[in-house]
Structure formats: C-alpha cells, structure tokens
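Spelled out from the first residue to the last, the chains are:
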Amino acid sequence: MHKKIITGILAAFAFPLAACADIVFHKNTNLTVSINANEAAVVYTALELFEKDYRNVFDGTIVKGGKAQVFIGTLGANSAAEKRITEKQLEALRGHTEGFVLEVQNDKLYILGSDKRGTAYGILELSRLIGVSPWEWWADVRSEKKIAFSLKNGYSRLEYPSVTYRGIFLNDEDFGLLPWASKNFEPGLPTVGKTKGAIGPKTYSKIFELLLRLRANMIWPAMHEVTVPFYLTKGNKEAADKYGIIVGTSHCEPLMRNSVTEWDIYGKGDYNYVTNKDAMLAYWTERLKILKGSDNIYTIGLRGKHDGMMQGVKTLAAHKKVLTEVLKDERHLLQQYVNPDVTKIPQVFVPYKEVLDVYNDGLKVPDDVTLIWCDDNYGYMTRFPNEQERARKGGNGVYYHVSYWGRPHDYLWLATNHPAQLYTQMKQAWNKGAKRLWMLNVGDIKPAEYLIELYMDMAWNIGSVKSNEAGLEEHLAEWLSRGFGKAAAKELVPVMNEYYRLAYIHKPEFMGGTRTEETDPKYKMIADLPWSESQINQRIKDYDAIEDKVIRLAKNIPAEKKDAWFELIEYPVRGAAEMNKKLLYGQLARHGKADWALSDNAFETIVALTKQYNALGNGKWRGMMSYGPRGLVEYEKLAHTRSETALIENKAPLFLFNGKEYERFTGEKPVTYGLGYQRGAISLSKGSAVVYNVTAAATDSIRIETDLAPNHPVAGKTIRYSIRVDDGPAQEVDYTTQGRSEEWKENVLNNQARRTTHHGVTKAGKHTIIIKALDEGVIVDQVKVW
C-alpha cells in the first residue's frame, strides 16, 4: 500500500510574524535557494515555475546562493539536502522512484528527490503548499496573495507515486486543442501532407508544465490526421526533455511512429506487414535511430494505420501468427537501436478492441512488457489483470477515457463522466495489480480539468481519496476551495454533484437520441427519448435549479476569479442545462406540449456561452471551445417538426428503491460513492447481500427490475447476482455483455444494465427481496418492483 509520511506542523498566516524557529516565506521578501549546478534540466524547470509562483503569492523572487534558506538536491549528488535529511527518511526514499522528502531543521528547508523528477515534484510541492493550483494557467485559477507562510521545525514529509507512469493522451483534438494552438496560441508553424495545423513547442511546453504540476510524467501526443505528428515539429522533443516528460504513443502507433500521417510521407507501399514487412521495418528504424538516449516508452504490436484492425489478416489464427512475428521483429529493432538489453527498455502492449481477442486467444507477450488494459471507451474497464498477469515483470497498466469519438455516440464536448465511476474503476484496477502505467484520454484537456486532477491524484497516491462517498466529496470540496474559496465551495459541492448525477443518467451529448457510425438511418435523426412528460419536466426543473444557482453565485465571484469560474463551473453547468432544455423542450414541442421558442432560446444561449468562453482573457482561449464537435445534428438548432406518435405514459413502479435504501445486509457492509441515478448506488463485495422490504397487493407474482452499473467481469467471464423473494428460489442473473452488442450500447448510453425477474408470491402484503453478489464488481443502483 502506498504510504505518505508527514510529521510536524504546516501553517499559513495572514499577518506579520515575529521571529520564530520556522522556515518562513514573507511578503515582499526574497527567498534564497541552494541548488547544485549539475541538477537535471527538469529540476531547474521546476524551480523556475516555483519562482513564478512565489512572485505571484509573495511579490518576492528566488535568489540562488548566499545564505540559503532552502536546499535542493537529488540522491547520489552529495548535496547539502542529502547530508541533512534524517536517515529514516533517506532509507525510505531510496526505495522509490520519483519520490521526495521535505524536511525542516534549524529554520532551513531541505528538498531531496530520489531522482530528477522526484526533486522536481518536491520543489513544486511548495507551490501546492502556498495555494497554487496546477491549473493556474490552463484554467486561469489565480493564486491568492499571502503575507506569510510557515513550515515548522520538525516538519518532515515523504511522498512517492502509487503508479510508476502517469500520463495523458491528447486525442480527437480536431475541434479544440488544434484550432486553438495552430490559429491562436502558436500560429504559423509548417504543416505536412494533409494536416491542417501543428501543435508546437510553445503549446507543448504549457501542456508539459501542467503535467509536471499534476505530478504526471508521460504523454501520448496528439495524433489525428489533421495534426502534424509530434516529432515532425521542431522543438517538441526538446520541450519534453526540458520538462522531464516521457513520450510514448497510443495503441495504434508502434515504435514512436504516427502512421496515419507519417506513413503517407515516409512509408513505401501498403501499411501491410504481411505483404510489405521490409518497408515497415525500415520505416520504424528511421525513428528509432534519432531517439536513442531519449526518454520514451515504446508501444509495440500492430493495428491498422489509424484506429482500426491490422491489414492483411482475415482470421483470428492468422492475426495471432502475424502479431507474434511483429513483436519479435520490433523488439529486435529496439535491441539494435535503443539498448542491447531489450528487457531494460520500457515497452507497452495494448490489447485494445480487436487486439484483446488475439491476446485472449493465447498471444504470448514478452514478460518484461507492460500490459495495458482498457475501458470500453465509456469508463467501464473491460479487463483486469489475473494472477498470472500480476506476476509479470513488466506489470500492468490502464488506458481510460473521459472523452471519446465513436460508437454508439461521441462525448467530445463536456467532460461529464461521474467522478465516482472513475474512482471505483481505477481503484479496482489498482487493487487488481494495474500499478505500472495509467494513461487518460483527455481529448482537448479542457473542460476535463477536475477529472484529470482526480485521476492524477489517485495515480500519485491511491490513498488520497477515501473509499466512500464522503472521501470523494472532500476531494471535490478541496478542489473547489482552492479555486474559489471555502464559502463558494460549500455552495458548489451540491451543484457539481447534481451536474454529474444528471449527466450519469444521460450525457448532454446523448440527449438527441441519435447514434454515431451506425448504418440505420433512424439513428441519424433527432428522436424522442423514452421519457414521459412528467419525467421530462422534472429533468428540466433539476437542471434549472443548478443553473439558476450558478448564475446567482457568479455575482459574488471576485473579478480576478471570474475567468476560472466560467471555465470550470459556469460553462459546463449551464452548457449541460441548456443542451438538455434545447432537446427536451424540442421533444415536448413536437408533441404540442411546449413552445418551440423554449428550445430555440436554449440553442442561442449555448451559442452565446461558447462565444463568451472563446473571448475570455482577451481571446486567450479563442478557438478552444466548440459546442458542436464533429457537426453532429444534436448540436444544431432543432427543426420545428410535428410528431404523430404520443409521448409515453409514466408507468411508475409500486415502490422504487435506490441501492442504499436496504433494510439490512449480510457479509461486508455495502459501500456508497455517490454514484447512480439517485446517488444511492451500492457496491457489494462478492458473497454479500442486501435485503429490501416491500408491500405488494399481488397475490400470485411480482416483477422486479434490478438496475446495475454496467460493469464488465472483474475476474473470470461472468458478473452475476442472485435474487429471491421471501423463501422462494434464488434466481441467478448474469449481466455480462459481449463486444459492441446492442445491449452494451444501451448500457453505456444509460449507465445502467437492467434485468427483470418474476417471482411467485402466495399472498398480498409485506415481502422481502434479497439480492446477493455472486461475483466481484456488482453495483446495485435501483430496484423497481411491479
């Protein structure tokens, strides 16, 4: 288990201090720092960032040399910091990569890292302690001025990461990050081939700064066909080196090649290993030659030129045969051009989509290679490492999404994945041994700020969030407090909880009833959702409540915090609310139940909000936010049509329970995280059960719908529960889905797996319903009885 050791006292003061036995940062006072000249570039980069933060908070600067107050060093460099840190902390630090110790002795602060990144993280921990947000640039979260800040003598703190490699994947950048970078923030960079723009070193430096502040260490760069590949833009590689960021590539980019663009420029013939092996080996060799000595993690394996299946194979057996050969040949190239000991080269293999089928068919992956397990693109892990995989030298990792382009529907606009869903899935993954690498698909970065930080906080310290609903709320409250103060945070926590709850029921991007990449034309037109008039009106009322509160709270936000407020709170909350109103009022209007003006006004509000976003900071974010990524029909102003069918009637169940409304339990106590349609979903450990009491008028049978989080099997091939009424027979229910089946699509669009069972009863009156988890991963959201 990850440990964080802190002793001593941390204090921040809002008044001048008399002389005391502390290390104190004062307003209008310079801070003297001692640092070895031979420290790595990333250490000096971190010090530059802290100097900027110190200036912003205290109006002072950093002075190197002289009578130092702060001593910075890295293990093995014979620094003053290493000489003064207590032996107990030194011994603990030596056992961890990227760890650091902060220790105060005799009015001096010592910062010691176990390696270059550890030292950099230790320096930037000071920025965190004085109240600087990692989002100070990326979300305009302004730091509050302080008169003084103190760390008491005896303060001692050791930290190190729970996950070895922690990074983000810039993906689907076509509608935000790329146009913003290439036309606004960093225009004029050359393009190649069919690309439309470049993301260059000025932009990547800001991204890498964010990663360093978040204690991340890795990136999969933007790679769509509209973007110039990372290594083809001068200065990108050097920027990564300056910030100590390890560069990798995604699941379909083996050996550091962005083939969707680069193959058309440098490749010869078809991107087909079966028919054009020599050309592909030569193509990979060119890149490996220039990367020797660089900080990289190499993706091995082979898919199509982009996010598709490998060319040249038609059967599973053929696929496995060719992929086996590919792995052998790629590792030979790595051995030849990177390190003769190939087991010392960080490598990952990603069983994503069709590649998972090949792996499950018995593909042998070398033991030193890290296996990266993936979610289903909608936040539900499809696979966890088993006992044999956990024993691998290369370990295991996770590739997870908070943004996605694909079927059954994109969610590229607002980042509404429920924090409790992210937490439960990632905690399960870590518990099952996925501790080597965590990669998060973040789309354009904005507006996924909170989810990114939650993910990285867990990757840094898996125990940073308590394993219950209160822990997640505390994390959210702390995040909001840092940006807007405790008073505003107290008001905002229920707003953001409701924002995530409503989107968990149906994401804003899904509200049009359409699907992407489907052949059936019915999915390309706006359609009614299966909700009654009363359900629609209640949802509009719920969104109105949080939107109105955000508008009211905005009036009290100080001017210097208004940009951050709009980016992190107002735009996502109001955007989600207005998208729902546009489509739901449209549904009512098609049936003559509402005025079309209500839908039209909601559309115009979204347009105005987006225009305001792109004008923030005198145009700093111009081009970043699009309310209609991919130009899908649901983002448009609705056509005023008339439906000939009636709205569905509201058929309420006899008695509706949310998961935590159980009467009693057996086995381990169920855990709640704030997940679910009513924030009452419960996680059941294998073998535990919950009991619900219900009164029914039926004298022959009752029907029960059990709605569960649509998790995939955690261990084995099933995810099951049993259900019985009174002393009747238990019915075993397996709600496993296969591939991209219709059932799976409905599950992820609705965030529920729904199963109905019928149970005989002999009399009307009170009955007990017993639900028992037969496998790991069972989360009961709602129980409906008819």
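Going by the structure above, here's the rest.
A brief structural summary. (Residues numbered from 1 in each chain as written. Predicted model: local features only at pLDDT ≥ 70, side-chain atom pairs only at ≥ 80, totals over all residues. Heavy atoms only, no water.)

## Some points on the nonpolar core
Argument step 1. Grouped together as the largest cluster of nonpolar side chains are 217 residues, with contacts concentrated most on Trp138, Phe208 and Phe349.
Argument step 2. Among the elements that take part in this core, helix α18 (residues 562-590) stands out by supplying 15 residues, more than any other.
Argument step 3. Setting aside residues no more than four positions away along its own chain, Phe349 makes contact with Ile300, Gly301, Leu323, Leu327, Val355, Tyr359, Leu363, Val365, Val369, Thr370, Leu371 and Ile372.
Argument step 4. In this structure, Phe657, Ile702, Leu708 and Ala773 belong to the second largest nonpolar core, which totals 26 residues. (Core = buried A, V, L, I, M, F, W, Y, C linked by side-chain atoms within 4.5 Å. Buried < 20%, exposed > 50% of the residue type's maximum accessible area, 1.4 Å probe, protein only. Helix = DSSP H or I, 4+ residues; strand = E, 2+ residues; numbered from the N terminus. Contact = heavy atoms within 4.5 Å.)

## Quick look at the side chain of Asn750
Argument step 1. Position of Asn750 among the secondary structure elements: in helix α20 (residues 742-750).
Argument step 2. Discounting residues that sit within four places of it in the chain, Asn750 has contacts with Tyr504, Ile505, His506 and Tyr677.

## Digging into the packing of aromatic side chains
Argument step 1. All told, the structure shown has 52 aromatic pairs when counted by the stated rule.
Argument step 2. Aromatic side chains Phe25 and Phe50 sit 6.4 Å apart centroid to centroid with 55 degrees between the ring planes, which places their arrangement in the tilted category. With Phe25 in strand β3 (residues 22-26) and Phe50 in helix α1 (residues 41-58), this residue pair connects regions lying 25 residues apart in the sequence. You'll find Phe25 and Phe50 in the same group, each marked buried.
Argument step 3. Among the aromatic residues, those joined into a ring-pair cluster are Phe25, Phe50, Tyr54, Phe58 and Phe149.
Argument step 4. Positioned above the aromatic ring of Tyr411, the side-chain terminus of Lys507 is 4.6 Å from the ring centre. (Phe/Tyr/Trp six-rings, centres within 6.5 Å; stacked < 30°, edge-to-face > 60°. Lys NZ or Arg CZ within 6 Å of the ring centre and 35° of its normal.)

## Describing the sheet that holds strand β25 (residues 720-725)
Whether parallel or antiparallel, the strands of a sheet pair through hydrogen bonds between backbone atoms.
Argument step 1. Strands sit in the order β20-β23-β28-β25-β26 across an open sheet of 5 strands; the sheet is antiparallel. With one partner strand each, in any of the chains shown, β20 (664-666) and β26 (731-734) form the two edges of the open sheet. Pairs of neighbouring strands in the sheet enclose a mean axial angle of 25 degrees, with direction left out of account.
Argument step 2. Alignment of β25 against strand β28 (residues 765-773), held across 5 bridges, turns out to be antiparallel. Of the residues in β28, the one forming a bridge with Tyr721 is Ala773. (Pairing = 2+ DSSP bridges. Axes fitted to C-alpha atoms, helices over the stretch in contact; angles between N-to-C directions.)

## Describing helix α10 (residues 316-337)
Note on helix geometry: an α-helix contains 3.6 residues per turn, so any two residues three or four positions apart are oriented the same way.
Argument step 1. Relative to the 32 Å expected for 22 residues at 1.5 Å per residue, α10 spans 31 Å between its end C-alpha atoms, a close match to the ideal helical length.
Argument step 2. Listing the buried residues of α10 in full gives His319, Val322, Leu323, Val326, Leu327, Asp329, Glu330, Arg331, Leu333 and Leu334.
Argument step 3. On its buried face, α10 is in contact with α9 (277-291), β14 (298-300), β15 (347-349) and α11 (354-360). (Expected span 1.5 Å × (residues − 1).)

## Section: the sheet that holds strand β11 (residues 165-170)
Argument step 1. If you trace the 8 strands from one edge of the open sheet to the other, you get β13-β12-β11-β18-β17-β16-β15-β14, paired in parallel fashion. Of all the strands in the sheet, the pair left with one neighbour each is β13 (246-247) and β14.
Argument step 2. Relative to strand β18 (residues 437-443), strand β17 (residues 396-401) is paired through 5 bridges, and the arrangement is parallel. Across the sheet, residue His401 finds its bridge partner in β18, namely Asn441.
Argument step 3. Across the face of the sheet, α10 comes into contact with β14 and β15 while running at roughly 150 degrees to β14.

## Let's talk about the pattern of salt bridges
Argument step 1. Inspection of every chain in the model, using the stated rule, returns 68 salt bridges.
Argument step 2. For Arg213, the salt bridge is made with Asp53, and the minimal N-O distance between the two is 2.9 Å. Of this pair, Arg213 sits in helix α6 (residues 201-213) while Asp53 sits in helix α1, placing them 160 residues apart in sequence.
Argument step 3. Relative accessible area serves as the criterion here: at 1%, Asp53 is assigned to the buried category.
Argument step 4. Salt bridges sharing partners connect three or more residues here, namely Lys52, Asp53, Glu136, Lys206, Glu209 and Arg213. (Salt bridge = Lys/Arg side-chain N within 4 Å of Asp/Glu carboxyl O.)

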